[in-house]
Each structure stands twice: as C-alpha cells, then as structure tokens.
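Understanding the architecture of this molecule
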Amino acid sequence: MPDSEILDPTEEFARYRRTVLDSVVVPGPAAVRRTVRLRRRRRWAALVAAALALLTGPTLGYVALHRPEPRPGPVLPTPDATGTPTPTAPTTPTGGPPPTGAGPTATPPDGRISRGELLATPVTLPTWPTGAACPTAGVRLTADGQEGRNALLALAHGDVDGDGAQETVVLVQCVFGTHGWQQVVAFDRGTAGRIVTVGRVVVSARERPQWLIGVQVRGDGVVRVQVGDIYPGGGWAGEWSQRQWRGYRWDGGSFRQVSGPTGFPTNPHEVNLVVTATELVLGVAPDGSRTGSTTVRVRNTGTAPARSVALRFDLPAALRPDGDGWAACRSAPGTTGGPVRCEVAGLAPGAEIRLVLGLRVAGDDPPGAGTAELTASALDADHRVVAEVVEYDNVTPLRYR
C-alpha cells in the first residue's frame, strides 16, 4: 500500500488565490445603480398589487353574488370506456290517461254477480213508487216473499253499458200482500270490487204495465223485459194478462225503451156485465093461452167493451119465446124445447141494453110457479166467452108464475 500524500494548506490557499480570484470581475458604480433601481421597481409593483387586491376583492364578490344564474346547458351522455351506448330503460308513466289509440286501456271490472252474492250483500235500489213500504238503502234481497221485503225474482247477465265486461240485471219486487211494486235494476262492480247500482231499467205502474214477468240481456246489450198489462190475483188469472217483450238500452245516464210496443190494447177480460130480470107473470091471452113478459137489463160496468152479449134462458120446455121483443136477437131464438139463446149487439163501458121479452105457455099444461136462470156473457171477436173477474152478477133468477 503506497504512503498517503501530505498536503500543505498554506501552499494550496495560495494556489486558489492565483487561479480563481484573478477571474472574478468586480462590478463598477453603474452596475450597482442598475441593480438598486430594479429592486425598487419590484418592491413598488408588489405594493400596488396588494392594494388592488384589497380594493377590488369585495366588489367582484358582490357582483358575483348578484349576477343571475346561467341556464344549464344540455347534459350530454357520457360514453362508457368501450364506446358502446348504454340502453335506457323505458319511461314509466306517472299518471293520467293514455292518449286515444295509444297503448292499452284499463280492464273494466267484472260485473257478473251470482244469485248467492246478491242475496248476501247489501245493495242500493232506485226509489220505489209512492206507497211502497220497502227500503232502498242497504237492502238485503230475499229469496222468499216476506211482507215488506225486497224479493229477488230473476236475474240475467250481459254487457249492458258497452264496456266489454258483463253486468247483472235483476227483477225485484217489494212484497205487499198478494201484489207489490216491481222493478228491473242493473248492477255492476266498482274499481274496488263492490256492487254498485247502474240504474233502473223499468218499473211497474198502477195503470200499465202492472206485471213484470221476466228479463233477458241480448248480445247487443239491449235488456229485454217481459211485461204484462194486469198483475194476476184477486180473481184475475195470469193467462188473462196480455204479455209483451220490450227492449231497453243504456244511453250513459239512464235506460230508455228502444224496441217493442209502448202500450197495451184494451184487455177483453176487463169487461163486467151485470144482468137483471123482472118477474114473469103469466096471464090469460084472448086466445085462451097464458102469456107474459119480462124486462131484461144488461149493463157493462167494466172498463173494456163487450163485442157482443149472449143471453141464455134455462126455461122449462113449456115456456117459449113470443112477441116482437125477440127481434133484437141476431139469430132467431129456439122455439122448441131446451135453453133459449139470444145474441145482441155489443156494449161499451158504462152502456146498457133493455129488452122486453114475451113468453107463452105452449100447450094446455102450464108449468106452474118456478124459477129459471138467466145468464149474460160477453163474447170476443171469435164468439168465445170472455171470462170476468166478477162473475156472480152475470147470472140472475127469472121467476115466473
């Protein structure tokens, strides 16, 4: 290992002074003055900038606070890293009906109501006519004929309001004795599923129709109701009533009749004949025979006309027609044994006819005193007997002596 070289500090310092210090140029007086002026400019510039900052800062802040907000510009979608556009989800409507012809409409409620549900659920009925003692609000329909209750008589289903769903049409009756008011009512369901009343189709009337018999719903929504002019009971047979089918359509606010008759012809069974006859007193005629006469009176106290009136005398064979009074008969009365018949002209309501009819005892064997029977009957256009509600006054005794 070589020995370390020993340096003399005095000699090295002297070398530094000879080589470095000789290259240093000392600035003159002009250079010193330039340096001083530059330093002064920099100091003044810094002072001016600070003063301006103090004076203008609050003003600019006030302007910035009171300047109106700029309108936001359109937000442009940001593409993903791959450059593939992201599909957007369809917008869900927040309410309001869809435009006509655009998109599906709400499904109408199903108004097909069973008989059991109608009997178990309180419903609201349209107002009954004056005099009906049955309720209309919170009504529980019944399947029997309890007095003062609303009985369910019949029901049918069909789309009566044109919404594409079925409704329920019922025939109900406010039971009162053997009769009672009737009406046909349409029911539907509300959006909550409860039974709601659409409206009344038809109601029975004091005049006509008194009887609602059945109900149907056609495919075109027309409600068909079978009606009868007179409600059966009180001696009135159901087969005497004139029946019709009438059609009713919902117009958005009520039902109105669109088909079938609007009235009834006169019912022939509403005729009511009342007949009376005076006593037949037989006296001795100039030729020695015994003759006499009776006055027959026939009145029509009903509301229907009798097209013709047939009289029947159940007389003993010894008494036969006699005299000109029988000329009022449309056909000659029998002159031999058996009942005597006489058909006369018709009677309008409230009209009457009086006949003075003579009778003679045939042969030499008088019948003595007795009672015959006289019957008056109304006939229709085919000469058939028309039944009456009150028939006891169509027969009267004819006493003779």
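In short, a report on the structure. (Residues numbered from 1 in each chain as written. Predicted model: local features only at pLDDT ≥ 70, side-chain atom pairs only at ≥ 80, totals over all residues. Heavy atoms only, no water.)

**A look at the overall build of the protein**
Across its full length, the protein holds three helices and 17 strands. A separation threshold of at least 6 residues defines the contact pool for the protein, and within that pool the share at least 24 residues apart is 57%. In the structure as shown, the protein presents an accessible area of about 25100 Å², 56% of it carried by carbon and sulfur atoms. (Helix = DSSP H or I, 4+ residues; strand = E, 2+ residues; numbered from the N terminus. Contact = heavy atoms within 4.5 Å. Areas by Shrake-Rupley, 256 points an atom, 1.4 Å probe, with all protein chains shown as cover.)

**As for the sheet that holds strand E8 (residues 255–259)**
Reading across the sheet, the four strands line up as E5-E6-E7-E8 and stay open at both edges, with antiparallel pairing between neighbours. Strands with a single pairing partner mark the edges of an open sheet, and in this sheet they are strand E5 (211–217) and E8. Ignoring which end each strand starts from, the neighbouring axes of this sheet average 35° apart. (Pairing = 2+ DSSP bridges. Axes fitted to C-alpha atoms, helices over the stretch in contact; angles between N-to-C directions.)

**Some words on the pairing of strand E16 (residues 370–379)**
Counting buried positions along E16 gives seven out of 10 residues, so the element sits mostly inside the fold. The pairing of strand E12 (residues 306–314) with E16 spans seven bridges and is antiparallel. Bridge assignment links serine 308 to a residue of E16, and that residue is leucine 379. As paired strands, E16 and strand E17 (residues 395–400) are joined by six bridges and run antiparallel to one another. From the neighbouring strand, threonine 375 faces E17, where its bridge partner is valine 395. (Buried < 20%, exposed > 50% of the residue type's maximum accessible area, 1.4 Å probe, protein only.)

**Here we look at the pattern of salt bridges**
Going through the model one piece at a time under the given rule, you end up with 13 salt bridges. Across the pair aspartate 220 and arginine 218 runs a salt bridge, and its minimum N-O distance is 2.7 Å. Since its relative accessible area comes to 39%, aspartate 220 is described here as partly exposed. Residue arginine 354 is joined to glutamate 352 by a salt bridge in which the shortest nitrogen-to-oxygen separation is 3.2 Å. Using a relative accessible area of 55% as the deciding quantity, one classes arginine 354 as exposed. Salt bridges sharing common partners tie together Arg218, Asp220 and Arg249. (Salt bridge = Lys/Arg side-chain N within 4 Å of Asp/Glu carboxyl O.)

**Points about the side chain of histidine 269**
With respect to the secondary-structure elements, histidine 269 resides in the loop between E8 and strand E9 (273–277). Since its relative accessible area comes to 17%, histidine 269 is described here as buried. When residues no more than four places from it in sequence are discounted, the contact partners of histidine 269 are Trp236, Trp240, Val386, Ala387, Glu388 and Val389.

**Regarding the state of the cysteines**
Using the criterion set out here, one finds two disulfides in the structure. Linked covalently through their sulfurs, cysteine 134 and cysteine 174 form a disulfide whose S-S length is 2.0 Å. Taking the sign of the torsion about the S-S bond as the criterion, the disulfide between cysteine 134 and cysteine 174, at about 90°, is right-handed. Highlighted residues: cysteine 134 in the loop between helix H3 (115–120) and strand E1 (150–158) and cysteine 174 in strand E2 (residues 167–174), separated in sequence by 40 residues. Classification of cysteine 134 by relative accessible area gives buried; the value is 8%. For cysteine 174, a relative accessible area of 2% puts it in the buried group. Disulfide pairing places cysteine 329 opposite cysteine 342 at an S-S distance of 1.8 Å. (Disulfide = S-S within 2.5 Å.)

**Looking at unusual backbone geometry**
Between arginine 208 and proline 209 the backbone carries a cis peptide bond, its omega angle lying at -10°. Within the element layout of this structure, proline 209 appears in the loop between strand E4 (195–203) and E5. With a phi angle near 60°, histidine 383 is a residue other than glycine that sits in the positive phi range. Tracing the chain through its elements places histidine 383 in the loop between E16 and E17. Relative accessible area serves as the criterion here: at 49%, histidine 383 is assigned to the partly exposed category.

**Structural notes on the packing of aromatic side chains**
Counted according to the given criterion, the structure contains four aromatic pairs. Geometrically, the ring pair formed by tryptophan 250 and phenylalanine 255 is tilted, given 5.0 Å between the ring centres and 55° between the ring planes. In terms of burial, tryptophan 250 and phenylalanine 255 fall into one category: buried. Taking the centre distance of 5.5 Å and the plane angle of 65° together, the rings of phenylalanine 313 and tryptophan 326 count as edge-to-face. With phenylalanine 313 in strand E12 and tryptophan 326 in the loop between strand E13 (319–322) and strand E14 (340–347), this residue pair connects regions lying 13 residues apart in the sequence. (Phe/Tyr/Trp six-rings, centres within 6.5 Å; stacked < 30°, edge-to-face > 60°.)

**Topic: the sheet that holds E4**
Spatially, four strands are ordered E1-E2-E3-E4 in an open sheet, and the strand pairing comes out antiparallel. At either margin of the open sheet sits one strand with a lone partner, and together these are E1 and E4. On average, each strand axis in the sheet is tilted by 25° relative to the strand beside it, whichever way the strands run.

**Section: the side chain of threonine 375**
For threonine 375, the position within the fold is in strand E16. For threonine 375, a relative accessible area of 18% translates into the label buried. Not counting the four nearest positions on each side in its chain, threonine 375 is found in contact with Ala310, Leu311, Arg312, Asn394 and Val395.

**Structural notes on the nonpolar core**
Val296, Val298, Val309, Leu311 and Phe313 are the most contacted members of the largest nonpolar core, which has 31 residues in total. If you list the elements that add at least two residues to this core, you get E9, strand E11 (290–300), E12, E14, strand E15 (352–361), E16 and E17. Residues contacting leucine 311, with those up to four places away along its chain left out, are Val296, Val298, Val340, Arg341, Cys342, Leu355, Leu374, Thr375 and Ala376. Among the nonpolar cores identified, the runner-up in size contains 18 residues, and Leu212, Val225, Val227 and Phe255 belong to it. (Core = buried A, V, L, I, M, F, W, Y, C linked by side-chain atoms within 4.5 Å.)

**Focus: the layout of surface pockets**
Empty space within the largest pocket amounts to approximately 240 Å³. What lines the largest pocket is a set of 14 residues, and nearest its centre among them are Phe176, His179, Gly180, Trp181 and Arg206. Residues that form the lining of the largest pocket fall into these classes: seven nonpolar, six polar and one charged. Within this model, the second largest pocket holds a volume of roughly 170 Å³. Split by residue class, the lining of the second largest pocket holds four nonpolar, five polar and two charged. (1 Å grid on protein atoms, 1.4 Å probe; cavity = no way out; pocket = protein on both sides within 12 Å on 5 of 7 lines; lining within 4 Å. Points joined across faces, edges and corners; volume = space filled by probe spheres on them. Nonpolar A, V, L, I, M, F, W, Y, C, P; charged D, E, K, R; others polar.)

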